[in-house]
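Structural characterization, general
Here's the letter readout for the chains.
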Amino acid sequence: METHGPLGTLWVSFGLIAFYIALIWINTLLGILLTPLFIMPGTWLQDKFMARKKQRESEEAP
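Notes on the structure follow.

Rules and cut-offs
- Residues numbered from 1 in each chain as written.
- Predicted model: local features only at pLDDT ≥ 70, side-chain atom pairs only at ≥ 80, totals over all residues.
- Heavy atoms only, no water.
- Helix = DSSP H or I, 4+ residues; strand = E, 2+ residues; numbered from the N terminus.
- Rg over C-alpha atoms; globule rule 2.2 N^0.38 Å.
- Buried < 20%, exposed > 50% of the residue type's maximum accessible area, 1.4 Å probe, protein only.
- Areas by Shrake-Rupley, 256 points an atom, 1.4 Å probe, with all protein chains shown as cover.
- Lys, Arg positive; Asp, Glu negative; His and termini not counted.
- Charge placed at Lys NZ, Arg CZ, Asp CG, Glu CD.
- Expected span 1.5 Å × (residues − 1).
- Bend = angle between axes of the 7 residues up to and from the residue.
- Patch = residues over 30% accessible without salt bridge, like charges linked within 9 Å, V, L, I, M, F, W, Y side chains within 5 Å.
- Salt bridge = Lys/Arg side-chain N within 4 Å of Asp/Glu carboxyl O.

Looking only at helices and strands, the protein has 1 helix and 0 strands in total. A compact globule built from 62 residues should have a C-alpha radius of gyration of about 11 Å, whereas the protein, at 27 Å, is more than 25% larger. Overall, the protein is about 90 × 20 × 10 Å in size when its C-alpha atoms are taken along their principal axes. Each of the 62 residues in the protein was classed as buried or not, and the buried ones make up 0%. About 6,200 Å² of surface is accessible on the protein, with carbon and sulfur atoms providing 73% of the total. Within the protein, the 5 negative side-chain charges are centred at a point lying 10 Å from the centre of the 5 positive side-chain charges.

Next up on the list: helix α1 (residues 5–60). The α-helix winds at 3.6 residues per turn, so residues separated by three or four positions along the chain end up facing the same way. A rise of 1.5 Å per residue sets the reference length of α1, with its 56 residues, at 82 Å; its end C-alpha atoms lie 81 Å apart and thus fit the reference within 8%. In α1, a bend of some 25° at Leu-34 exceeds every other bend along the element, and Pro-36, a proline, comes one to four places later.

With that settled, the discussion passes to a positive patch on the surface. Among the surface-exposed residues, Lys-48, Arg-52, Lys-53 and Arg-56 lie close enough to one another that they form a single positively charged patch. Turning to its location among the elements, Lys-48 is positioned in helix α1. Overall, the relative accessible area of 53% leaves Lys-48 in the exposed class.

By themselves, these figures tell us nothing about what the structure is for.
Here's what the structure looks like:
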């Protein structure tokens, strides 16, 4: 069995810490940047459907 000692263990732990910090950062950044790309068209569609519904209700009312 090969051993790398305490310095190797510290080196690997720092590498894993950096990896997980980068992973959290990129996931947060993607969430912040991609969320508006889905929410904005969704609100546009909602506004279009609501306008169509109001138009139908105004046509049906005597």
